[in-house]
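# Per-entry structural report
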Amino acid sequence: MPHPDVMDKLVSLCKRRGFIFQSSEIYGGTGSVWDYGPLGVELKKNVKDRWWHAMVRSRDDIEGLDAAILMNPRVWEASGHVSGFTDPLVDCKACKARFRADKLEDARCPRKPSRRPGEHTDCQLTEPRQFNLMFKTFMGPVEESAAVVYLRPETAQGIYVNFLNVQQATRQKVPFGIAQIGKAFRNEITPGNFIFRTREFEQMEMQFFVDPNGDHMQWFEFWKAQRMAWHASLGLQHDRLLFHQHSPEELAHYARAAFDIQFDFGGGLGFQEIEGVHHRGDFDLGRHQEYSGKKLEYFDQPNNRRFVPFVIETSVGADRTTLALLANGYREEAVPGEDEGRVVLGLHPSLAPIKAGIFPLVKKDGMPEFAAKLAGELRPHFPVFYDESGAIGRRYRRQDEVGTPFCLTIDGETMLNGTVTVRDRDSLRQERIAADAVRDYVSARVGNG
Ligand code: ATP
């Protein structure tokens, strides 16, 4: 069950323990932009590594790419973002606040938060206007004569425009895919809910190119299933994941089918999209062919025919997945035999930023030296945290709330026979193992699982 105040709890935990800070906080912050601290950067990197491993490294039919954020502005005309990447907006002339016209139901009047915009007597809402979500900037030394360029609102276009470059360089045959992880920027009107909807975020996208005359619907089903299984493999609870099928009204005009994978974030957010799996037909390559004047056809040599492939896209947010993992893992629980309860971040061991806490039981009798040496030996293999301060119970709690799966304690017996205790974060079970077996023990349990 999701914790009812999970978002507030997470914002505070993430700041306190160095997962996520508000951007430019000393200047009062920047709207919906966040910085990842020492533990957050490890967690998000682990998420991205799991994705890269599943999508690129472990498959021979997907190639990696890292395309630039700034692209020729024509790309965004071809993709439809210049004309169509808009939200309808209304302004309130009284309080100067801006709302999404299609989300007024969920919004609150800043002057009277118990009412919706338009429900307070002073509200003066304008007619809806279209607002483009792309950030613009200038390329070139002199602003007036420089070209307007956009910060990409998605990574996918970098893949489409490189489709033939990658195919020819790697000699991949359709069906095959191209994957990339990168920053995207959207001037969202209603950002919020911590890192759920931000103006700068990271996407992990894969475009799979298939034969329009072949089994493209089977590939669509294949990727739907793969992507759901990936989320479950990260430890997201099964009953908090579901598919949402786009209704005919939600479906883009070119799309053959689209499903979102939703996760139950709890805390007032409920089920929300974390990933989209879309059958985009030949819209993207077709449009780039039209706007660039360059053929983007695949040559099917055995059958001596050319075609523009269909695209099955999987698009997931790295930050949103990170938030899902934090919300999924957060729990408060009583500890048998202790007055104080504990906060646990039940992260999958492969995702935990620190894999093992290493503690000398007391600061004497050679224990700190033994523990520090062990930490030094393990550090090149996985992230460890050495801690000798405070009561042992407190040191365990500090690791529990950042999701560290194992704590190793060096005690009197260690000094006699070279064994240490290994405490499991979830079961609280402790067992003794030889210090020189710890590396293999922890490595075996924190793999990609
Ligand atoms: P939403 O309806 O929530 O704005 P979307 O349908 O516009 O999302 P897509 O364009 O399909 O999203 O992007 C794919 C994924 O990128 C989303 O499932 C989400 O995980 C992530 N994403 C999109 N916009 C944002 C954002 N503003 N902040 C964080 N992640 C985002």
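Everything below is about the structure printed above this text.
Below or above, wherever it landed, is the structure these notes cover. (Residues numbered from 1 in each chain as written. Predicted model: local features only at pLDDT ≥ 70, side-chain atom pairs only at ≥ 80, totals over all residues. Heavy atoms only, no water.)

### Some words on the nonpolar core
Core analysis: the biggest nonpolar cluster contains 54 residues, and Trp-51 and Phe-265 have the highest contact counts within it. Both of domain 1 (7–73 + 151–326) and domain 2 (342–445) provide at least three residues apiece to this core. One finds Ala-356, Val-422, Ile-433 and Val-438 within the second-largest nonpolar core, a separate group that totals 20 residues. (Core = buried A, V, L, I, M, F, W, Y, C linked by side-chain atoms within 4.5 Å. Buried < 20%, exposed > 50% of the residue type's maximum accessible area, 1.4 Å probe, protein only. Domains from an automatic or database assignment.)

### Some thoughts on the packing of helix H2 (residues 38–57) against helix H7 (residues 216–233)
Two elements in contact, H2 and H7, have axes whose closest approach is 12 Å; the angle formed by their N-to-C orientations is 145°. As H2 runs across H7, the sense of the crossing is right-handed. Along its contact with H2, which presents Val-47, Arg-50, Trp-51, Ala-54 and Met-55, the element H7 presents Trp-223, Arg-227, Trp-230 and Ser-233. Partitioned by chemical class, the residues of the contact of H2 with H7 number six nonpolar, one polar and two charged. (Axes fitted to C-alpha atoms, helices over the stretch in contact; angles between N-to-C directions. Helix = DSSP H or I, 4+ residues; strand = E, 2+ residues; numbered from the N terminus. Left-handed = near helix turned anticlockwise from the far one by under 90°. Contact = heavy atoms within 4.5 Å. Nonpolar A, V, L, I, M, F, W, Y, C, P; charged D, E, K, R; others polar.)

### Brief notes about the pattern of salt bridges
On inspection of all chains with the given rule, the structure shows 33 salt bridges. Residues joined by salt bridges that share partners form a network here, namely Arg-331, Glu-333, Glu-338, Arg-342, Arg-397, Asp-400, Arg-423, Arg-425 and Asp-426. (Salt bridge = Lys/Arg side-chain N within 4 Å of Asp/Glu carboxyl O.)

### Brief notes about the site of the ligand
Glu-188, Arg-197, Thr-198, Glu-273 and Ile-274 are the nearest of the 13 residues found near the ligand. Within the side chain of Arg-197, one N or O atom sits 2.5 Å away from an oxygen atom of the ligand. At 3.3 Å, a side-chain N or O of Gln-203 approaches an oxygen atom of the ligand. A total of 590 Å² of accessible area belongs to the ligand in isolation, and the protein chains cover 81% of it. Of all the secondary-structure elements, those providing two or more residues to the shell around the ligand are strand S10 (200–210), strand S13 (271–279) and strand S16 (310–317). The element best represented in the shell around the ligand is S13, accounting for three residues. For the shell around the ligand, the per-class residue count stands at three nonpolar, four polar and six charged. (Near = heavy atom within 4 Å. Polar contact = N/O pair within 3.5 Å; in protein donor to acceptor, adjacent residues only side chain to side chain. Areas by Shrake-Rupley, 256 points an atom, 1.4 Å probe, with all protein chains shown as cover.)

### Here's the deal with helix H6 (residues 163–170)
Along H6, the residues that are buried comprise Phe-163, Leu-164, Val-166 and Gln-167. Seen end-on, H6 carries its buried residues on one side only, within an arc spanning 165°. In H6, the exposed residues that point more than 90 degrees away from the buried face are Gln-168 and Ala-169. Of the surrounding elements, those touching the buried residues of H6 are strand S3 (62–64), helix H5 (156–161), strand S9 (176–185), S10, helix H8 (283–292) and strand S14 (298–300). The positive-phi residue at the C-terminal boundary of H6 is Arg-171, with phi of around 55°. (Arc of directions from axis to C-beta.)

### Brief notes about the sheet that holds S9
In space, the seven strands of this open sheet follow the order S3-S9-S10-S16-S13-S12-S11, with mixed pairing throughout. Looking along the sheet, the strands with just one partner apiece sit at the ends: S3 and strand S11 (241–245). Neighbouring strand axes in the sheet, compared pairwise and without regard to direction, differ in orientation by 25° on average. Relative to the sheet, helix H9 (residues 318–329) contacts S10, strand S12 (257–264), S13 and S16, its axis offset from that of S16 by approximately 50°. (Pairing = 2+ DSSP bridges.)

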